[in-house]
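What follows is the residue order along each chain.
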Amino acid sequence: MVGSLVFDFFVFPGLLFTLAAGILASWVVRKVSALIQWRVGPPLLQPAYDIAKLFGKENIIPKGGAEWSYIIAPLLGPAGLLLASIILVNSNYLGTSFIGDVIVVLYLLVLPALSVVVGGMSTGNSLSAMGSNRELRLMVSYELPLLLAVTAAIVKSGGLKLAIFTARPVAASVSGALGFIAALLCIQAELGFIPFDTPEAETELMGGPLIEYSGPLLGLYKISNLMALLVLPLFLVTVFLGGFSTGWGALWGAIKYLLVLVGIILIKNTNPRLRSDQALKFFWYGAAPLALIALILAVVGDLIGIGWV
Amino acid sequence: MNWKSWGISKSPWLYHVNTGSCNNCDIEIVDCLTPKFDVERFGGKLVGSPRHADVLMVTGPMTRKSKPRFERILEASAKPFIVAAVGTCACSKGMFHDAYNCIGPVRKVTEALDEEIMVLNIPGCPPRPEAIIDGLVTGLNQLKEVKL
Ligand code: SF4
């Protein structure tokens, strides 16, 4: 029991697996972006080199900052994503699932953004405080449509367990497809990709909340980004696209995951950045009504018993 | 092989410091990031904060006004890092050799602050993007053997 728990946490769906898969996913993002821009792009292990290098650098703790939260905040993101990844992968792969694990995962997925906010606020730098402020505003905008879309999926599949979602793809119905589109846009913002990268705006805020971070603590944020690249699309695949299983199902799941990832990269590379207020308007007046329609359709379809609505 | 310098040579994050250059060298540095030259092939990318920087790309002959700022950037950077002096001005002051308001070259200023800081000279007025990339890669390959 203890042995399998340790294995869960540190090897298979846990630390080693998320790191390795996250490094690959991050390379896919950079390589595909490079190909879209007619470049050659970085070598395969580039994200691993970046992190190894960051762990060899000096760790500067700025004067005038809140020291403890500055040190602890970067740990929150990887911790939350690690747990989310274990729950997601195990519920797909082994079918071990408990009632309400969707909600647990939704809460865990908030942690990376929250860690960026706390870290940015505790540096004592005005630019990073501004970045944290924008990150919070972005969170307020994308959480609403994401929760509505996931609620639609819950109504559609008829249960609060992740293992139920994988039985039949939710997106194979009108409400599921609408919810999937809304959730995809939210994931884009949650990953901090263009068009929703105002918090880290490189040209105005110089990296936003992370401006003061250096060395291993910055490396932890990079690790959190890598893991998010794995976990967030996997969440979408599980909830909307039917997840994956063992054997050939795992391959099919990997293909679905890659398709979602490439979709996200294409959106990232073909759009300009939105201002904070534009992003808020987009999510509240665009994506949230879409998700709400999906929810209403799902409820109506459930009441009158039509499968494809 | 020293793993810290190996890490830097594998993923050099560039931070761009202008110490009074005529702006040509700066534009050539930005050229290195364009699709044609693509410095990301070697893991390099431009970062906005000296805390993230591994290579400080310094251009210009170091005017009197910019020296204190440059020294503050050196202090703010996370060690270990190296300095790359891009352009003849930064390497040897070039045409500003006898100018009263320039106290370069870059190596003189870094040595006055800290003997240990390594300076990589990339001459040219301005150096072509190929020359900048060539200088960086050559320098970083030699860096692997050095303990920072
Ligand atoms: S080396 Fe030449 S191009 Fe570069 S800053 Fe000096 S004068 Fe300008």
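It should be noted that the structure appears before, not after, this text.
Take helix α1 (residues 3–10) of chain B next. Within the span of α1(B), buried status applies to Ser5(B), Gly7(B), Ile8(B) and Ser9(B). Taken together, the buried residues of α1(B) touch α3 (46–55) of chain A together with α6 (129–143) of chain B. For α1(B), the capping residue at the N-terminal end is Asn2(B), with a side-chain oxygen 3.2 Å from the backbone nitrogen of Lys4(B).

All names here are of chain B. Every residue lining the ligand is accounted for by Ser21, Cys22, Asn24, Cys25, Gly87, Thr88, Cys89, Met95, Gly124, Cys125 and Pro126. Secondary-structure elements contributing two or more residues to the shell around the ligand are α2 (24–31) and α4 (88–92). Counted by class, the shell around the ligand contains six nonpolar, five polar and no charged residues.

All names here are of chain B. Here strand β1 (residues 13–18) pairs with strand β2 (residues 45–46) via two bridges, running parallel. Residue pairing for β2: Leu14 is matched across the bridge by Leu46. Both β1 and strand β3 (residues 55–59) contribute to a ladder of five bridges, which runs parallel. If you follow Tyr15 over to β3, its bridge partner there is Leu56.

Residue and element names in this part refer to chain A. One can describe the packing of helix α4 (residues 67–93) onto helix α5 (residues 101–108) by two numbers: an axis separation of 9 Å at closest approach and a directional angle of 150 degrees. Relative to α5, the element α4 is oriented roughly antiparallel. By crossing handedness, the relation of α4 to α5 is classed as left-handed. Across from Gly80, Leu83, Ala84, Ile87, Leu88 and Ser91 in α4, the residues of α5 making contact are Asp101, Val104, Val105 and Leu108. Along the lines of polarity and charge, the residues of the contact of α4 with α5 split into seven nonpolar, two polar and one charged.

Turning to unusual backbone geometry, a few remarks are in order. All names here are of chain B. In this structure, Pro80 follows Lys79 across a cis peptide bond, with omega equal to -5 degrees. In this fold, Pro80 is placed in the loop between α3 (66–76) and β4 (82–86). Positioned with a positive phi, Met62 is a non-glycine residue whose angle comes to about 60 degrees. Positive phi outside glycine occurs at Lys93, with the angle close to 75 degrees.

Attention shifts here to the side chain of Arg39(A). Along the chain, Arg39(A) falls in the loop between α2 (15–36) and α3. Of the polar contacts made by the side chain of Arg39(A), one reaches the side chain of Glu40(B); its length is 2.6 Å. Residues in contact with Arg39(A), not counting those within four places in the same chain, are Ala34(A), Pro35(B), Asp38(B) and Glu40(B).

All right, on to α3(B) then. All names here are of chain B. For α3, every residue scored as buried is listed here: Ser66, Phe70, Glu71, Ile73 and Leu74. Relative to the axis of α3, the buried residues are bounded by an arc of 160 degrees and lie together on one face. Residues of α3 that are exposed and point over 90 degrees away from its buried face: Arg69, Arg72 and Glu75. In this fold, the buried residues of α3 make contact with β1, β3, β4 and α5 (106–113).

Before going further, it helps to spend a moment on the pattern of salt bridges. In this structure the tally under the stated criterion is 10 salt bridges over all chains. The salt bridge partner of Lys53(A) is Asp54(B), with a shortest N-O separation of 2.5 Å. Remark: Asp54(B) occurs in the loop between β2 and β3 and Lys53(A) occurs in helix α3; the pair is interchain, linking two chains. Comparing Lys53(A) with Asp54(B), the two get one shared label, buried. With its nearest N and O atoms 2.6 Å apart, the salt bridge here joins Lys57(A) to Asp54(B). Here Lys57(A), found in the loop between α3 and α4, pairs with Asp54(B), found in the loop between β2 and β3, and the two come from separate chains. Pair check on accessibility: Lys57(A) and Asp54(B) agree, each one buried. Several salt bridges converge on common partners, so that one network encompasses Arg30(A), Arg39(A), Asp50(A), Asp38(B) and Glu40(B).

Our focus in this paragraph is the interface of chain A and chain B. Counting from both sides, the interface comprises 28 residues of chain A and, opposite them, 27 residues of chain B. Both sides together, the interface formed by chain A and chain B hides about 2200 Å², and carbon and sulfur atoms give 55% of it. Interface area lost by chain A to chain B is led by Arg39(A), Lys53(A) and Lys57(A), which between them contribute 27%. Summed over the shared surface of chain A and chain B, the number is six salt bridges.

All names here are of chain A. Together, Val2, Leu5, Val6, Phe7, Phe9, Phe10, Val11, Leu15, Leu16 and Leu83 line one region of the surface with nonpolar side chains, adding up to about 860 Å² of accessible area. When contributions to the nonpolar patch are tallied by element, the ones reaching two or more residues are α1 (2–10) and α2. The topology assignment puts Phe7 in helix α1.

The rules behind the values
Residues numbered from 1 in each chain as written. Chains lettered and ligands numbered in written order. Predicted model: local features only at pLDDT ≥ 70, side-chain atom pairs only at ≥ 80, totals over all residues. Heavy atoms only, no water. Buried < 20%, exposed > 50% of the residue type's maximum accessible area, 1.4 Å probe, protein only. Helix = DSSP H or I, 4+ residues; strand = E, 2+ residues; numbered from the N terminus. Contact = heavy atoms within 4.5 Å. Polar contact = N/O pair within 3.5 Å; in protein donor to acceptor, adjacent residues only side chain to side chain. Near = heavy atom within 4 Å. Nonpolar A, V, L, I, M, F, W, Y, C, P; charged D, E, K, R; others polar. Pairing = 2+ DSSP bridges. Axes fitted to C-alpha atoms, helices over the stretch in contact; angles between N-to-C directions. Parallel < 35°, antiparallel > 145°, perpendicular 65-115°, else oblique. Left-handed = near helix turned anticlockwise from the far one by under 90°. Arc of directions from axis to C-beta. Salt bridge = Lys/Arg side-chain N within 4 Å of Asp/Glu carboxyl O. Buried area = accessible area lost by both parts, 1.4 Å probe. Patch = residues over 30% accessible without salt bridge, like charges linked within 9 Å, V, L, I, M, F, W, Y side chains within 5 Å. Areas by Shrake-Rupley, 256 points an atom, 1.4 Å probe, with all protein chains shown as cover.

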